[in-house]
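Understanding the architecture of this molecule
Here is how the chains run, residue by residue.
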Amino acid sequence: MHFSLDAVTTTALALLLLALGAGLKRRLKWLEHFCVPTPVVGGFGFALLAWLLRDLGLVTFELDTAMQSPLMIAFFTTVGLGGSLALLKKGGKALGVYLVACWLLALMQNGVGIGMASLLGLDPLIGLMAGATSLEGGFGAAAAFGPEAEALGVQGATTAAIASATFGMIIGGVIGAPIARWIIDRRQIPVVAEDVHDLEKLTAEERPTVASIDGRVLLRVLAIIVPIMVLGLWFKASLATHLGIILPSYVGAMFVAILLRNLNDRFHWVSMPDNALASVGDVALGVFLTMAMMNLKIWQLQEMGGSLLLILLVQTLAIVVLGVFVLFRLLGRNYDAAVLTAGFIGHGLGATPNAVANMSAVCEHYRVVSHKAFIIVPLCGAVLIDIVAIPAITWCLNAFA
């Protein structure tokens, strides 16, 4: 039996699974204890069920995830609208540290993948597919570079890349938040975000604005968010057409949102309650990531050989060591550093939305938001990392062909 779900039905199912995940987190204390992101609970649970039904030959599902991209853009628009430079000016150094760590991670993942593949008697380019190509690069880079490697004569490169990206998406969304919680509790770190440490010392522009959320406020917020999404897509298209610069679809919206937020802080055109923006963003992220997780084709992992699995396990250990023992310390060993570490593990193994979900789970658990982390991670993970990652992958592809 085959079920083909249209876009509306798929979105409705994602909403139900997100609500189910939230309910399970309230009832199963170990999910809350380990800070498992809510979208992972419902979405990954559905992916496991779909895998089981498919293997038994009973049911297969085809999902229409057309709403996934608009929801992702909406979420990152709210991230940009929360990006007051007044809040971030006290911790700008963290952006540089985090970005350099991302660049080093890309080089490390390629080195580990190629080195492990050579030791195990595999083609080095199979190791590259299990490196930054599919981990930091995610499904997009895996789908782009896999066929290129196959064109160079490496059979199964695309399958290895997609399977590795699936592995990273799952593991990155599961371990990031629990590791951050372990760091915070083990070191007894004060649960205080640096950029809101002392509200009495913040200026009017730095203070988060709060309003009672009703239909009028939500209408105003949506009337801000949706046009910015359109402007962001126009900005992205213009860069591609006139300058040849290719950006992920949500990055243009985030840049436009940051610009308008800070102009609004200066000129006070319209009230943008931070709690209303956060609520819209939480829902958009939750549904989007649930949809992404429920669409995972876990059976692709069955096609991985033991050697590829071993490479990915070593990659997982390497990023955890780099995040916990190097990045966390360089970022200042505080609450913001722990949240950033959760994000680093999320997008270093999976994707930027994975990173955001990890950070959201940590901040939700401790009820303190790290504004710095929610600007730094999407900006680095989505755009700036490719300055080094893509050329490094391309060089390795040619050098080991």
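Bear in mind the structure is a predicted one, so any value in this text is a computation, not a measurement.

Now for the overall build of the protein chain. Scanning the protein chain for helices and strands turns up 17 helices and 2 strands. Within the protein chain, the proportion of its 401 residues that are buried is 53%. A separation threshold of at least 6 residues defines the contact pool for the protein chain, and within that pool the share at least 24 residues apart is 80%. Summing over all exposed atoms, the protein chain offers an accessible surface of approximately 17500 Å²; the carbon and sulfur share of this is 68%.

Here we come to the state of the cysteines. Evaluated as defined, the whole model comprises 0 disulfides. Summary of cysteine pairing: Cys102 is not part of a disulfide, and the nearest cysteine sulfur, belonging to Cys380, is at 5.4 Å. Judged by its relative accessible area of 0%, Cys102 falls in the buried class.

Turning our eyes to something else, we now look at a nonpolar patch on the surface. Together, Leu259, Leu263, Phe267, Trp269 and Val270 line one region of the surface with nonpolar side chains, adding up to about 490 Å² of accessible area. Its location among the elements puts Leu259 in helix H11 (residues 249-267).

What follows concerns the environment of Met108. With respect to the helices, strands and loops of the structure, Met108 is situated in helix H6 (residues 93-119). A residue is classified by how much of its surface remains accessible, and Met108, at 25% relative accessible area, is partly exposed. Taking the C-alpha atoms as reference points, Met108 and Leu322, separated by 214 residues in sequence, lie 9.9 Å from one another. When sequence neighbours within four positions are dropped, the list of residues in contact with Met108 reads Ala318, Ile319 and Leu322.

Below, the discussion takes up the packing of aromatic side chains. The geometry of an aromatic ring pair comes down to the distance between the two centres and the angle between the two planes. Enumeration over the complete set of coordinates arrives at 5 aromatic pairs. Plain terms: the ring middles of Tyr98 and Phe344 are 5.9 Å apart, the flat faces sit at 80 degrees to each other, and that makes the pair edge-to-face. A residue pair is termed long-range when its members are at least 10 positions apart, and Tyr98 in helix H6 and Phe344 in helix H14 (residues 335-349) qualify at 246 residues. For the pair Tyr98 and Phe344, one class covers both residues: buried. Note that Arg266 overlies the ring of Phe267, its terminal NZ or CZ placed 5.2 Å from the centroid.

Turning next to the side chain of Thr78. Looking at the element boundaries, Thr78 is found in helix H4 (residues 68-81). There is a polar contact of 2.5 Å between the side chain of Thr78 and the backbone oxygen of Phe75. The contact partners of Thr78, leaving out residues within four places of it in the chain, are Ile225, Leu277, Val280 and Gly281.

Okay, the packing of helix H10 (residues 215-243) against H11 next. The geometry of H10 relative to H11 is characterised by a closest axis approach of 7 Å and an angle of 120 degrees between their N-to-C directions. With respect to their mutual orientation, H10 and H11 come out oblique. Where H10 crosses over H11, the two elements pack in a sense that is right-handed. Of H11, the residues touching H10 (which contributes Ile228, Met229, Leu231, Gly232, Leu233, Phe235 and Lys236) are Ser249, Gly252, Ala253, Phe255, Val256, Ala257 and Leu260. Within the contact of H10 with H11, the residues separate by chemical class into 10 nonpolar, 3 polar and 1 charged.

Rules used in this analysis
- Residues numbered from 1 in each chain as written.
- Predicted model: local features only at pLDDT ≥ 70, side-chain atom pairs only at ≥ 80, totals over all residues.
- Heavy atoms only, no water.
- Helix = DSSP H or I, 4+ residues; strand = E, 2+ residues; numbered from the N terminus.
- Buried < 20%, exposed > 50% of the residue type's maximum accessible area, 1.4 Å probe, protein only.
- Contact = heavy atoms within 4.5 Å.
- Areas by Shrake-Rupley, 256 points an atom, 1.4 Å probe, with all protein chains shown as cover.
- Disulfide = S-S within 2.5 Å.
- Patch = residues over 30% accessible without salt bridge, like charges linked within 9 Å, V, L, I, M, F, W, Y side chains within 5 Å.
- Salt bridge = Lys/Arg side-chain N within 4 Å of Asp/Glu carboxyl O.
- Phe/Tyr/Trp six-rings, centres within 6.5 Å; stacked < 30°, edge-to-face > 60°.
- Lys NZ or Arg CZ within 6 Å of the ring centre and 35° of its normal.
- Polar contact = N/O pair within 3.5 Å; in protein donor to acceptor, adjacent residues only side chain to side chain.
- Axes fitted to C-alpha atoms, helices over the stretch in contact; angles between N-to-C directions.
- Parallel < 35°, antiparallel > 145°, perpendicular 65-115°, else oblique.
- Left-handed = near helix turned anticlockwise from the far one by under 90°.
- Nonpolar A, V, L, I, M, F, W, Y, C, P; charged D, E, K, R; others polar.

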